[in-house]
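Chain by chain, the residues run as shown.
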Amino acid sequence: MATVPSPRSPHTTPDTSSLAASGRRAFAVEIDALAAVADRLDGEFSAACRLMLETRGRVVCTGMGKSGHIARKIAATLASTGTPAFYVHPGEAAHGDLGMIIDADVVLALSYSGESDEILLLLPVLKRQGNKLISMTGRPQSSMARESDVHLDVSVPAEACPLALAPTSSTTASLAMGDALAVALLEARGFTADDFARSHPAGALGRRLLLHITDVMHAGDDVPAVGPDATVSEALVEMSRKRLGMTAVVDAERRLLGLYTDGDLRRSLDDADVDLRTTPIARVMTKAPRTIDAGALAVEAAQLMEAHKISGLLVVDAEQRVVGALNIHDLLRARVV
């Protein structure tokens, strides 16, 4: 039976300090690389941003190998920050996927050498179609750079790889350039946190910024409510039935008069003058309780509860009619807190 060769082991086992030193050297080399690229940001960078801002289409990112991985990430970052973008593999583009690119699109092509055969093969077709080309390379005199409408120079002094073989500093520089483009475009578009949340509805930020009170509150018959003439014991029955730890006290048109909570019950039990079976709820309710508008965000309810150390809120409309109720458990289930 054939045996699987074991990985080559080093002649000596490196100690902890030497491993950490290698890591620090890699960081130092890449920091120097980023500083060098940042110093070269100039009119070409601004021109690239303008092409992306003015396009009626999308930004199509492409690249081979490690540059392809970086291009894919740049496309994702652009798309999530307000610039429609997607990634196309250059090899697949030459075999049919080029049909995904329309004439209004701007193409952002990555190749550190600037001589990627797969991308160079596409350039005549893209130019004939009328696409604007932004290239990101480490060689300003390369074929891709010369054929581009805008060239972004991401050349680095050295790779972090001590053999100068594995793309390390160069891919970091390309990634940072992509982030710089995304941030500049985000700010130019006036992109907001609400805009970001709309493209991330399943994320924590999306839940915080998009979820409204009406999405989590109890409504209709599920809202605990009694009239002002109800006794404390009748209010307790309503609280037990609706299981929110509170009940609204409302008039005949459901306008809010007060609130009775579990905390109010504890205070009532300590008051010898309160007979649970005969005392009207209006006598022991909390008048002018904290409420929240139905159009508010769920995160605002969480902030209000935290600020005032309360566990529930009534939801009212513009006429102070009770239209809903929620407690901290509803917010927890919705993962707002």
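For the structure itself, look to the data block above.
For clarity, every value in this text was computed on a predicted model and none was experimentally measured. (Residues numbered from 1 in each chain as written. Predicted model: local features only at pLDDT ≥ 70, side-chain atom pairs only at ≥ 80, totals over all residues. Heavy atoms only, no water.)

**What to know about the environment of Gly 43**
Residue position: Gly 43 is located in helix α2 (residues 43-54). Accessibility expressed as a relative area gives 46% for Gly 43, which makes it partly exposed. Residues Gly 43 and Leu 152, 109 residues apart in the sequence, show an inter-C-alpha distance of 9.8 Å. (Helix = DSSP H or I, 4+ residues; strand = E, 2+ residues; numbered from the N terminus. Buried < 20%, exposed > 50% of the residue type's maximum accessible area, 1.4 Å probe, protein only.)

**Description of the sheet that holds strand β12 (residues 322-327)**
With respect to topology, three strands assemble into an open sheet ordered β10-β11-β12, the strand pairing being mixed. This sheet does not close on itself; its edge strands, each paired only once, are β10 (291-293) and β12. On average, each strand axis in the sheet is inclined to that of its neighbour by 35°, with strand direction left out of account. Across three bridges, the pairing between β10 and strand β11 (residues 312-316) is parallel. (Pairing = 2+ DSSP bridges. Axes fitted to C-alpha atoms, helices over the stretch in contact; angles between N-to-C directions.)

**So, the pattern of salt bridges**
The final tally for this structure, using the stated rule, is twelve salt bridges. We note a salt bridge from Glu 238 to Lys 242, for which the minimum N-O separation is 2.8 Å. Of this pair, Glu 238 and Lys 242 are both found in helix α11 (residues 232-242), four residues apart, which corresponds to roughly one turn of the helix. Judged by relative accessible area, Glu 238 falls into the buried class, the value being 6%. Among the charged side chains, a network of salt bridges with common partners joins Glu 238, Arg 241 and Lys 242. (Salt bridge = Lys/Arg side-chain N within 4 Å of Asp/Glu carboxyl O.)

**Re the pairing of β12**
A regular strand carries its side chains on alternate faces of the sheet. Summarising burial for β12: five of the six residues are buried, a large majority. The pairing of β11 with β12 spans five bridges and is classified as antiparallel. When the sheet's bridge partners are listed, Leu 314 is paired in β12 with Ala 325.

**Section: the side chain of Ser 148**
Its location among the elements puts Ser 148 in the loop between α6 (143-147) and β5 (150-153). By relative accessible area, which is 14% here, Ser 148 ends up buried. Excluding residues within four positions of it along the chain, Ser 148 makes contact with Leu 133 and Ser 135. (Contact = heavy atoms within 4.5 Å.)

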